[in-house]
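What follows is the residue order along each chain.
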Amino acid sequence: MKKIEAIIRPGKLEDIKNALAKYNVHGLTITQVMGCGKQKGKTEYYRGAVVELTLLQKLKVEIVAADNDVDNIIRIICDAARTGEIGDGKIFIYDIENVYRIRTGESGDIAI
Ligand SMILES: Nc1ncnc2c1ncn2[C@@H]1O[C@H](COP(=O)(O)OP(=O)(O)OP(=O)(O)O)[C@@H](O)[C@H]1O
Ligand SMILES: [Mg+2]
């Protein structure tokens, strides 16, 4: 099992959700985050002080998936999230040790 953590443009959430639903991915967690990437936002003055990093509003989408589904989910997210402009986002992949469905006590792939 892996966790796919995608940092995306907020305006792309609906497209990504719809694309994932078509692939039968229903479990996900969304968090509002702020961040910056390679361009560091741009250096600018803020209340008289030089700000080195400009943090931009992004969304974090977390999906835990079976190993066999990971490549497809990454492709779906990339296709739905891409505009081709800087700031399209980034995807991080983590190993997941186990998943438990609290209601039933199931664990492993069937609990995803
Ligand atoms: N190395 C990183 N570690 C943690 N978070 C990151 C990292 N790089 C980017 N992010 C997060 O992803 C968001 C989007 O990053 P962004 O798409 O600008 O990446 P980039 O590497 O600058 O690529 P691009 O050149 O396409 O803009 C950032 O606002 C930040 O929240
Ligand atoms: Mg960037």
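Residues numbered from 1 in each chain as written. Chains lettered and ligands numbered in written order. Predicted model: local features only at pLDDT ≥ 70, side-chain atom pairs only at ≥ 80, totals over all residues. Heavy atoms only, no water.

Draft legend 1. Layout of the environment of T29. Its location among the elements puts T29 in strand β2 (residues 29-35). Along the primary structure T29 and E62 are separated by 33 residues, whereas in three dimensions their C-alpha atoms are 5.1 Å apart. With sequence-adjacent residues up to four places away left out, T29 is seen in contact with K60, V61 and E62. (Helix = DSSP H or I, 4+ residues; strand = E, 2+ residues; numbered from the N terminus. Contact = heavy atoms within 4.5 Å.)

Draft legend 2. Examining the sheet that holds strand β1 (residues 2-8) more closely. Taken in spatial order, the four strands make up an open sheet running β2-β5-β1-β6, and their pairing is antiparallel. The sheet is open, and its two edges are formed by β2 and β6 (89-95), each paired on a single side. Put simply, the sheet's adjacent strands are angled 25° from each other on average, direction ignored. As paired elements, β2 and strand β5 (residues 56-65) share seven bridges and run antiparallel to each other. (Pairing = 2+ DSSP bridges. Axes fitted to C-alpha atoms, helices over the stretch in contact; angles between N-to-C directions.)

Everything listed here is a matter of coordinates, which is why it stays silent on function.
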